[in-house]
Amino acid sequence: MGSTTAKEIVISVCAGTGGVAAGGFNVIEAFKAELDKNGLSANYQPRVHKVGCRGFCAKDVLVDVQVDGKTETYQFVTPEKVAPIVSEHIVGGKPVKKWLVKKDYHIFHDKQQKLVLANCGQIDPESIEEYIAAGGYRAASKALGMGPDEIIEIIKASGLRGRGGGGFPTGIKWESCRRASGVVKYVLCNADEGDPGAFMDRSIIEGNPHAVIEGMIIGAHAIGSVEGFVYIRAEYPLAVERLRRALEQAREKHFLGKKIFGTEMDFDIKIVLGAGAFVCGESTALMTSIEDKAGEPRPKYVHTTDRGLWGKPSNLNNVETWANVPMIIEKGAKWYAGIGSERSKGTKIFSLVGKINNTGLVEVPMGIPLRDVIFKIGGGIPKKKQFKAVQTGGPSGGCIPASLLDMPLDYEHLSEAGSMMGSGGMIVMDEDTCMVDVSKYFLQFCVDEGCGQCTPCREGVFQMVRLLNEITEGKGTEKHIGLLEELAATIKDTSLCALGTSAPNPVISTLRYFRDEYEAHIFDKHCPAGVCKALTHFYIDADKCTGCTLCARNCPAGAITGEKKEPHVIDQDKCIVCRICYENCKFGAVQKG
Amino acid sequence: MPTMINLTINGEKIAAPEGTSVLQAARQAGIFIPTLCDYEALEPEGTCRLCIVELSGSIRPCIRVSCIQEVKEGLVVETETERIIKNRRLILELLLGRSPYCRELLDLAGKCGVMTSRFLTGEDDDCIRCGRCVRVCRDKIGAYALCWVNRGYNRKVATDFERLSEYCIGCGSCAQVCPTGAIKMEDRGNQRRIYTWGQVVARFELEKCEKCGRYFAPRKYIDWMRRKAFKPKGIELIDLICPECLRKTERPAPAKVPFGNGAFPAW
Ligand SMILES: Cc1cc2nc3c(=O)[nH]c(=O)nc-3n(C[C@H](O)[C@H](O)[C@H](O)COP(=O)(O)O)c2cc1C
Ligand code: SF4
């Protein structure tokens, strides 16, 4: 051994929830052991560390192997692959080509602009030293030397807007809370993240928890608060653990506690675990939940910046919003305002899921065309299917059709299109998606997750789901669409909190862009996407069928018959519309009707 | 004198004391706004959404519930616009969907021009989830015997674990504030039962009045009130005397107990 010429070895193993689930910790151990075995540990002090999620969780465990400043990235690493990587790449100087990431990994990252996630995948989230070495806590220290009004002006000038839902200008929120009368004020961080499929906030806390803490310190100084809370869902154990550790480290360094950074300011942060109800992410429900009462929304006729947690002025921001703050202070409002579109500044993290080749977390500058996110970063739709729509903004967002793919991705354009930014969920749907069925799914989520205290949301959304059910079962009549629209209008007008007022959005937007699908269900008793069982049947095109027997062998209902090399037939009485034949026929002979 | 606030309701100029709700101001002016979850002695929660009104003038035009919105100088309130009426009727229809035979709800719906519901669910539940019972038990009595269980459409009022309540003191306030009779209280002989959905949630033995011999209240309730009641100097709540007999005695009646309108419910 010892033929290596390498002097510096850094191995970065992805250890976010995705990485850990894929066995990240075992890979770290394997690397350590293997480096020892090869005698590298003694000579070169290699660094094997865990880093936060870099967004491409489908390829976990991802490992960066850096030898003398040259980095290669491996995908799907398992402990078994470690020995060859060490011997061939680190010792032998030849990367193991077949295990390296492929072109898609680079395309995935090309169009992204990583600011908030810059440190994720680079530094060890459990080490405050690594964060400091990467420039961390410089902004907080700088901010503490500035006047609160000066900070608020910078945040206002940067154009930063809330990343948790409404997109409210952060600087203005801080200012109202600063101006509110009262000595005791709170800064709060919303890490509830209840949208199905969303994991932006989790990844930030798992990968770079100190950025959130630093943002909150700056905010506390600007607002005049000595106590902060992070409300985080208990289902995020790794994030909670890393945040807890980060808070301890910050206290040790006197960045939190009494007289922080050697100034006169006191500030500390507590963690409050949420029980994981979606509605607890709503600002007033979050506050009642911290107060140890049932997490139910309250009418917001007095702003929470005037009367919030325990009746005191409270400033709530989302995890990602807080994580943006340090770099704005560090690099200036002008720099930040130079990124993004006219009224939406900076970057936004989206979780890209659904019928898309590259699922994962992506951070892009605001205003990037939707098409770039889906077809470049996301790599387009699998199996050469057609893109149909993308649902943004979480369960109560809207569906954006293909005709709007060139739309810039920012707050204004999304709400113009009848959707919203929400917290950044993005669910891609292909031609095989039934828009009525999808709307039903999202509304059902709101029926289950609403608190149920106010009538329009509790009863109204339930009734909308009932109507949608009838439509998908083929029992729709010409009255159904009208009733849906009537209910949607009242629920929007009269619900107590934003869960209710936005719950009808999926129906409103699909009625706007895909009304013909509703009409096909109701009048033609036909589900164009072939999803609704009562309105779909499959048949075999005798001209295309080669008689390969694949479908007959796979049919769970025994509904397909036919001789080898002869066209097959589906017995409609036996068929359970499970789609297996349709999905698997290699000759496109199974048709839906 | 409290500061008076000037506002307009349905075109009428009105002055109301600072801190009153738009609903109270409207009522004082003789303007009817339908409500279900509102109850005088309880903090408004604004959940039934029937008392919605359109606001403009000194605030950005919006729809809000009048039970929570406080009067504000220059506020312009409309209680019967087309949009409000449409929304209100639909909300009533939605409530009727689950409680189609509830007399009180039918009366109110009739007043608002709703005769039938297009949203019948096949249920027949007199509880309209206004939450008055939960609030009175929690906020006024302090017994916490009733609570909300489940989320969303399945939300309902229940005792802990839906068993016979340990915390219930048998005061009957819940039955008293229930607008539809979904929670009932029944005294028969020396037995008191409080029940809802045909299911008994609490059962008590009643104590006899030492003076007239009438069964009047459960022991637990008497003890509770004795602990909580405000006792003016020189007045002792005498054991086991019913309110009627107490009133007939020389002593002034126990003036204030921490229950909203000052009355002991259902002795
Ligand atoms: C039903 C509902 C759920 C919400 N869930 C979240 C959440 O999980 N995380 C979050 O940051 N904001 C959530 N919000 C938005 C918050 O109410 C609030 O607007 C936000 O945290 C404010 O922070 P920002 O200004 O930084 O965006 C939710 C809102 C509603 C109505
Ligand atoms: S809108 Fe829905 S979630 Fe919000 S308060 Fe009303 S019932 Fe609860």
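Presented here is an overview of the structure given in this document. Just so it is clear, the structure is predicted and the values come from calculations on it, not from any experiment. (Residues numbered from 1 in each chain as written. Chains lettered and ligands numbered in written order. Predicted model: local features only at pLDDT ≥ 70, side-chain atom pairs only at ≥ 80, totals over all residues. Heavy atoms only, no water.)

1. Re the site of ligand 1
Residues and elements named next belong to chain A. This is how it is decided: It suffices for a single heavy atom of a residue to lie within 4 Å of a molecule or strand for the residue to be listed as near it. Polar contact criterion, stated in full: a pair of N or O atoms within 3.5 Å, where within protein one must be able to donate a hydrogen and the other to accept it, and residues adjacent in sequence count only if both atoms are side-chain atoms. Note that accessible areas follow from Shrake-Rupley with a 1.4 Å probe, and for residues the cover is restricted to the protein chains shown. Each helix is a run of H or I in the DSSP string that is no shorter than four residues. Each strand is a run of E no shorter than two, and both are numbered from the N terminus.
In the vicinity of ligand 1, 19 residues are found, and the nearest of them are Gly164, Lys173, Glu193, Asn318 and Thr321. Here an oxygen atom of ligand 1 sits 3.3 Å away from a polar atom, N or O, in the main chain of arginine 163. Across the complex, the protein chains shield 88% of the 610 Å² of accessible surface that ligand 1 would expose by itself. Elements with a contribution of two residues or more to the shell around ligand 1: β8 (314–318) and α21 (498–502).

2. So, the layout of surface pockets
All names here are of chain A. Stated formally: Any residue with an atom within 4 Å of a point lines the site, the site being either a cavity, points on a 1 Å grid over the protein atoms alone where a 1.4 Å probe fits but cannot get out, or a pocket, an open set with protein on both sides within 12 Å along at least 5 of 7 lines. Grid points are joined across faces, edges and corners, and a volume is the space filled by probe spheres set on the points. Residues are sorted three ways: Asp, Glu, Lys and Arg are charged, Ala, Val, Leu, Ile, Met, Phe, Trp, Tyr, Cys and Pro are nonpolar, and all the rest, Gly among them, are polar.
Its volume calculated, the second largest pocket comes out at about 370 Å³. Lining the second largest pocket are 19 residues, and of these Leu115, Asn119, Ala134, Pro326 and Met327 sit closest to its centre. When contributions to the lining of the second largest pocket are tallied by element, the ones reaching two or more residues are α7 (138–144), α11 (209–223) and α14 (319–331). For the lining of the second largest pocket, the residue count by class is 11 nonpolar, four polar and four charged.

3. With respect to the pattern of salt bridges
Residues and elements named next belong to chain A. Just so we agree on the cut-off: We count a salt bridge whenever a side-chain nitrogen from Lys or Arg sits within 4 Å of a carboxyl oxygen from Asp or Glu. Note on classification: 1.4 Å probe, protein chains only; a residue is buried when its accessible area is under 20% of the maximum for its type, exposed when over 50%, partly exposed between these limits.
Applying the stated criterion to the full structure yields 58 salt bridges over all chains. Between arginine 47 and glutamate 130 there is a salt bridge, with the nearest N and O atoms lying 2.9 Å from each other. Of this pair, arginine 47 sits in strand β2 (residues 47–51) while glutamate 130 sits in helix α6 (residues 128–133); the two residues are 83 residues apart in sequence, bridging distant segments of the chain. Exposure remark for arginine 47: the relative accessible area of 39% places this residue in the partly exposed category. Ionic pairing is found between glutamate 459 and arginine 458, a salt bridge with its closest N-O pair at 2.7 Å. No difference in accessibility class separates glutamate 459 from arginine 458, as the two residues are buried.

4. A few points about the site of ligand 2
Around ligand 2, the structure places 13 residues, and the nearest of them are Cys451, Gly452, Cys454, Cys457 and Cys497 of chain A. Class assignment of the residues belonging to the shell around ligand 2 gives a composition of eight nonpolar, five polar and no charged.

5. What about the environment of methionine 407 of chain A?
All names here are of chain A. To keep things clear, this is the line we draw: Any pair of residues with heavy atoms lying within 4.5 Å of one another is described as a contacting pair.
For methionine 407, the position within the fold is in the loop between β12 (398–401) and α17 (411–416). Along the sequence, methionine 407 and leucine 370 sit 37 residues apart, while their C-alpha atoms lie 5.8 Å from each other. What methionine 407 contacts, discounting residues up to four positions off in sequence, is Ile368, Pro369, Leu370, Ile400, His413, Leu414 and Ala417.

6. Remarks on unusual backbone geometry
All names here are of chain A. Here the amide bond leading from aspartate 60 into valine 61 is cis, since omega sits at 0 degrees, within 30 degrees of zero. With respect to the helices and strands, valine 61 occurs in the loop between β2 and β3 (63–67). Backbone geometry at phenylalanine 76 places phi at a positive 50 degrees, although glycine is not the residue there. Considering the arrangement of structural elements, one finds phenylalanine 76 in the loop between β4 (70–74) and α4 (79–91). Residue classification places phenylalanine 76 among the partly exposed residues on the basis of a relative accessible area of 38%.

7. Let's talk about the interface of chain A and chain B
Here is the rule we go by: Summed over both partners, the accessible area (1.4 Å probe) lost when two parts come together is defined as the buried area.
Contact with chain A, which involves 29 residues of that partner, is made by 30 residues of chain B. Counting each side, the surface lost to burial between chain A and chain B is near 2800 Å², with a carbon and sulfur contribution of 55%. The interface formed by chain A and chain B contains five salt bridges. The partner of aspartate 493 of chain A in a salt bridge is arginine 83 of chain B, and the shortest N-O contact between them spans 2.7 Å.

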